[in-house]
Amino acid sequence: MNLNVPNILTILRLLAAPAVAILFLFFARPWADWFALALFVGAALTDFVDGYLARAWKQESRFGAMLDPIADKAMVVIALLVITGFSGMNPWILLPATFIIFREVFVSGLREFLGATAGLLKVTALAKWKTTAQMIGIALLFATGAFEHYLGMQTFGMDRAMRDNVLAGNIPDELGLVWKYWGMMLSWYLGISVLWLAAALTLLTGWDYFRKALPYLRDS
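Owing to the predicted nature of the structure, the values given are computational and were not obtained by experimental measurement.

Draft legend 1. Examining the pattern of salt bridges more closely. Inspection of the entire model under this criterion finds ten salt bridges. Notably, a salt bridge pairs Arg13 with Asp47, separated by 3.4 Å at the nearest N-O pair. A residue pair is termed long-range when its members are at least 10 positions apart, and Arg13 in helix α1 (residues 5-26) and Asp47 in helix α2 (residues 31-56) qualify at 34 residues. For the residue pair Arg13 and Asp47, the accessibility class agrees, reading buried in each case.

So this is what it looks like as structure tokens:
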């Protein structure tokens, strides 16, 4: 095992995956949301940096090739579990999260079964776009959680009419509710849209891997 810079970045990304969830045990919201967002985005960026450095510095290794997809899957799956939990099992998040997790487990099982012939399931350009969409959608939904929590704290005790009047500009917005509200709404709709796009790409790439593996699954 060669601990060069690209491999160290991959290891750090793998360790960041459970840390995203653990943050919610030690910090109150919305601080936990912001810390998780920062950690997730930082870890996601290493996904692009470690591959680039490995190719540029000619430090590609079997260890890195093995660990890189594991770190990606761990990050996505754990982050989706956290977001699904604090969203109250919202079906707009639960359904795409289910599709994504199902595909990851299915493809990992295919690779394990194929063993030495698993090389035919190489990562495609579409799969890379899928991973990118997952990272962006998850980051946006972490931001939604933070904005939503701020809005909830600062409107606590207000009745609906008063809150609506503040958002409409009829009452001075001394707490900055308007930008928090629009931050919540924009990150929510963009996050959900990108997450569903990621789920569609996830199912499409999963089918592509299954199609390529099918000849090796038939009995002679």
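Draft legend 2. Spatial organisation of the confidence of the model for the protein. Here the protein shows a mean pLDDT of 85. Residues at 70 or above account for 96%. Taken element by element, the protein is modelled with least confidence in helix α6 (residues 160-168), mean pLDDT 73, and with most confidence in α1, mean pLDDT 91.

Draft legend 3. Expanded view of the environment of Ile192. The residue Ile192 is located in helix α7 (residues 177-213) in this model. Relative accessible area serves as the criterion here: at 9%, Ile192 is assigned to the buried category. For the pair Ile192 and Ile93, spaced 99 residues apart in sequence, the C-alpha separation works out to 7.0 Å. Ignoring any residue separated from it by four or fewer positions in sequence, one finds Ile192 in contact with Trp92, Ile93 and Leu141.

Draft legend 4. Highlighting the packing of helix α3 (residues 62-86) against helix α5 (residues 125-154). For the pair α3 and α5, the least separation of the axes is 10 Å and the interaxial angle reads 30 degrees. Here α3 is positioned roughly parallel relative to α5, judged by the angle of their axes. Handedness of the crossing formed by α3 with α5: left-handed. Where α3 approaches α5, its residues Asp72, Met75, Val76, Ala79, Leu80, Val82, Ile83 and Phe86 are matched on the opposing element by Gln134, Met135, Ile138, Leu141, Phe142 and Gly145. Considered class by class, the residues forming the contact of α3 with α5 number eleven nonpolar, two polar and one charged.

Draft legend 5. Inspection of the nonpolar core at higher detail. Grouped together as the largest cluster of nonpolar side chains are 37 residues, with contacts concentrated most on Phe40, Ile138 and Phe142. Every element with two or more residues in this core is listed here: α1, α2, α3, α4 (91-114), α5 and α7. Leave out the neighbours within four places in its chain, and Phe40 touches Val20, Met75, Ala79, Met135, Ile138, Ala139 and Phe142.

Draft legend 6. Spotlight on unusual backbone geometry. Following Arg29, the chain continues to Pro30 via a peptide bond in cis, the omega torsion being 10 degrees. When you line up the elements, Pro30 lands in the loop between α1 and α2. In this model, Met89 sits at a positive phi of 60 degrees, which is unusual for a non-glycine residue. As for its position among the elements, Met89 is in the loop between α3 and α4.

Analysis parameters
- Residues numbered from 1 in each chain as written.
- Predicted model: local features only at pLDDT ≥ 70, side-chain atom pairs only at ≥ 80, totals over all residues.
- Heavy atoms only, no water.
- Salt bridge = Lys/Arg side-chain N within 4 Å of Asp/Glu carboxyl O.
- Helix = DSSP H or I, 4+ residues; strand = E, 2+ residues; numbered from the N terminus.
- Buried < 20%, exposed > 50% of the residue type's maximum accessible area, 1.4 Å probe, protein only.
- pLDDT = per-residue confidence, 0-100.
- Contact = heavy atoms within 4.5 Å.
- Axes fitted to C-alpha atoms, helices over the stretch in contact; angles between N-to-C directions.
- Parallel < 35°, antiparallel > 145°, perpendicular 65-115°, else oblique.
- Left-handed = near helix turned anticlockwise from the far one by under 90°.
- Nonpolar A, V, L, I, M, F, W, Y, C, P; charged D, E, K, R; others polar.
- Core = buried A, V, L, I, M, F, W, Y, C linked by side-chain atoms within 4.5 Å.

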